[in-house]
Amino acid sequence: MKVITQVFNFYIISSIHVALSCYALVRLTFHMFGIEYDESMALFVFFGTIVGYNFVKYDALVRVNKLTIGRQLKIIAIFSFCSFLLVGYYFFQLKRITQVVSAGIFAITALYTLPFFPNRKNARNWAGVKIYIVALCWVGATLVLPLINAEIAFTSDFYLKCMQRFILVFVLILIFEIIDLANDDPHLQTVPQQIGVKRTKILGLLLLLPFYFFEFLKSSLDQNQLLINLIMILGLSLFIVFANEKRSKYYTSFWVESIPIFWWLMVVFYG
């Protein structure tokens, strides 16, 4: 049992789970726009997420907080380096325009982590900005890049999906911010810090309404997708309602981050 627990914890803290969530959203993009499975694109996002998230999570701990690099952190560093090599391999399988746009997304991630400007904190610590940067990066990586690489035109359906995807990630992050409220720096001005937990929950629930009804504005209506989306947002609504500061770390790091995976699996089996 101890070994299983250690493996599961490594799965979470090494960002494999969040990378699988991004991978699931890429696969959903393929499905929604009729794109044939592109292994290079999907795995580029998967391994890129591992590298990006581990860089964001552990850079500050080591560089700023001077955390001693223990055995577990060394393993994560080696794993991240191997993922970085795979990112490089798949990067060169992508079309040139996709490479350029992905470099832009990486630049935003770096801005989020590193203090580029003198006497300024990184973007992660800019008041109220974090949630928007993360949501935009997810939209870019899981929706914009796959369409660019597949040379799909940006139609009205694309912009609707961008708004849906942004709302979904925004709401997921709201749950994280509720759970982390007690530990977050007050200067971050997260949504719960600014408007309170109750209003944050109401905001999250209200945002799910346009997320669902945007589906009706698409050029063609998919009845199965409507049902799958409804099931997904009902489940997400429960996570919003029951979120609080006393929840286990697995509430968000595993269960909430599993929402995109379950959404994709529903499409696979019932779409």
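Residues numbered from 1 in each chain as written. Predicted model: local features only at pLDDT ≥ 70, side-chain atom pairs only at ≥ 80, totals over all residues. Heavy atoms only, no water.

Asks: Would you mind going over the overall build of the protein with me for this structure?
Replies: Secondary structure assignment for the protein yields 12 helices and zero strands. Along its sequence from the N terminus, the protein presents helices and strands in the succession α-α-α-α-α-α-α-α-α-α-α-α. Relative to all contacts within the protein whose residues are 6 or more apart in sequence, the contacts with residues 24 or more apart total 73%. About 14,300 Å² of surface is accessible on the protein, with carbon and sulfur atoms providing 68% of the total. (Helix = DSSP H or I, 4+ residues; strand = E, 2+ residues; numbered from the N terminus. Contact = heavy atoms within 4.5 Å. Areas by Shrake-Rupley, 256 points an atom, 1.4 Å probe, with all protein chains shown as cover.)

Asks: In this structure, what is going on with helix 4 (residues 71–91)? I would like to understand it.
Replies: In an α-helix, one turn spans 3.6 residues; hence positions three or four apart end up facing the same way. Compared with an ideal rise of 1.5 Å per residue, which puts 21 residues at 30 Å, helix 4 spans 30 Å between its outermost C-alpha atoms and is within 8% of the ideal. Those residues of helix 4 that fall on the buried side of the exposure criterion are Leu73, Ile76, Ser80, Ser83, Val87 and Tyr90. Projected down its long axis, helix 4 carries its buried residues within an arc of 90°, all on one side. In helix 4, the exposed residues that point more than 90 degrees away from the buried face are Arg71, Ile78 and Leu85. (Expected span 1.5 Å × (residues − 1). Buried < 20%, exposed > 50% of the residue type's maximum accessible area, 1.4 Å probe, protein only. Arc of directions from axis to C-beta.)

Asks: Please clarify how the pattern of salt bridges should be interpreted in this entry.
Replies: Opposite charge on two side chains lets them pair, provided their charged atoms get close. This structure, assessed with the given rule, holds two salt bridges. Residues Lys218 and Glu215 are paired through a salt bridge, measuring 3.3 Å at the closest nitrogen-oxygen approach. Just as Lys218 is buried, Glu215 falls in that class too. (Salt bridge = Lys/Arg side-chain N within 4 Å of Asp/Glu carboxyl O.)

Asks: Can you help me understand the nonpolar core in this one?
Replies: One broad rule of soluble globular proteins: the nonpolar side chains tend to lie buried together. In this structure, Phe44, Leu168, Ile175, Met232, Leu236 and Trp263 are the most contacted members of the largest nonpolar core, which totals 74 residues. The greatest single-element share of this core, amounting to 14 residues, is contributed by helix 7 (residues 156–179). If we ignore the near neighbours within four places in the chain, the residues touching Leu236 are Leu168, Val171, Leu172, Ile175, Leu208 and Ile259. (Core = buried A, V, L, I, M, F, W, Y, C linked by side-chain atoms within 4.5 Å.)

Asks: Teacher, can you tell me more about helix 1 (residues 2–13) here?
Replies: The end-to-end C-alpha distance of helix 1 is 16 Å, a good match for the 16 Å that 12 residues give at a rise of 1.5 Å each. Directly after helix 1, the chain includes Ser15, whose backbone phi takes a positive value near 75°.

Asks: Help me understand the packing of aromatic side chains in this model?
Replies: This model, assessed by the stated rule, comprises 23 aromatic pairs. For the ring pair Tyr212 and Phe216, a centre distance of 5.8 Å and an interplane angle of 75° mean the geometry is edge-to-face. Classification of Tyr212 as buried rests on a relative accessible area of 13%. (Phe/Tyr/Trp six-rings, centres within 6.5 Å; stacked < 30°, edge-to-face > 60°.)

Asks: Just checking my understanding: could you explain unusual backbone geometry for this structure?
Replies: Note: most residues except glycine have negative phi, and most peptide bonds are trans. Positive phi values are uncommon outside glycine, yet Ser15 reaches one of about 75°. If you trace the backbone, Ser15 turns up in the loop between helix 1 and helix 2 (16–32). One non-glycine residue, Glu151, adopts positive backbone phi at about 60°. Along the chain, the position of Glu151 falls in the loop between helix 6 (130–149) and helix 7. A relative accessible area of 61% means that Glu151 is categorised as exposed.

Asks: Looking at this model, I keep getting lost on a nonpolar patch on the surface. Mind explaining?
Replies: Where nonpolar side chains cluster on the molecular surface, the patch consists of Ile202, Leu206, Leu209, Phe213, Phe216 and Leu221 and spans about 570 Å² of accessible area. Tracing the chain through its elements places Ile202 in helix 9 (residues 197–213). (Patch = residues over 30% accessible without salt bridge, like charges linked within 9 Å, V, L, I, M, F, W, Y side chains within 5 Å.)

Asks: Where do I start with the side chain of Lys218 in this structure?
Replies: Relative to the assigned elements, Lys218 resides in the loop between helix 9 and helix 10 (223–241). Filtering out sequence-adjacent residues up to four positions away, Lys218 remains in contact with Asp157, Leu160 and Lys161.

Asks: So what exactly am I meant to see when it comes to the side chain of Ser258 here?
Replies: Relative to the assigned elements, Ser258 resides in the loop between helix 11 (249–255) and helix 12 (259–270). Here Ser258 is in contact with His17 and Ser21, once residues within four sequence places are set aside.

Asks: Would you take a moment to explain the environment of Gly196 for this structure?
Replies: Here Gly196 lies in the loop between helix 8 (191–195) and helix 9. Given the relative accessible area of 25%, Gly196 is considered partly exposed.

Asks: Would you mind going over the packing of helix 2 against helix 12 with me for this structure?
Replies: Two quantities define a packed helix pair, namely the angle between the helix axes and the distance between the axes. Closest axis-to-axis distance for the helix 2/helix 12 pair is 8 Å, and the angle between their directions is 35°. Of the two elements, helix 2 crosses helix 12, and the hand of that crossing is left-handed. From helix 2, His17, Leu20, Ser21, Tyr23, Ala24, Leu25, Arg27, Leu28, His31 and Met32 reach across to helix 12, where they touch Pro260, Ile261, Trp263, Trp264 and Val267. Taken together, the residues that form the contact of helix 2 with helix 12 break down as 11 nonpolar, three polar and one charged. (Axes fitted to C-alpha atoms, helices over the stretch in contact; angles between N-to-C directions. Left-handed = near helix turned anticlockwise from the far one by under 90°. Nonpolar A, V, L, I, M, F, W, Y, C, P; charged D, E, K, R; others polar.)

Asks: When you look at the environment of Asn149 in this model, what are you seeing that I'm missing?
Replies: Along the polypeptide, Asn149 turns up in helix 6. Separated by 51 residues in sequence, Asn149 and Thr98 have C-alpha atoms that sit 5.6 Å apart. Ignoring any residue separated from it by four or fewer positions in sequence, one finds Asn149 in contact with Asp38, Met41, Leu94, Lys95 and Thr98. A distance of 2.9 Å separates a polar atom in the side chain of Asn149 from a polar atom in the side chain of Asp38. (Polar contact = N/O pair within 3.5 Å; in protein donor to acceptor, adjacent residues only side chain to side chain.)

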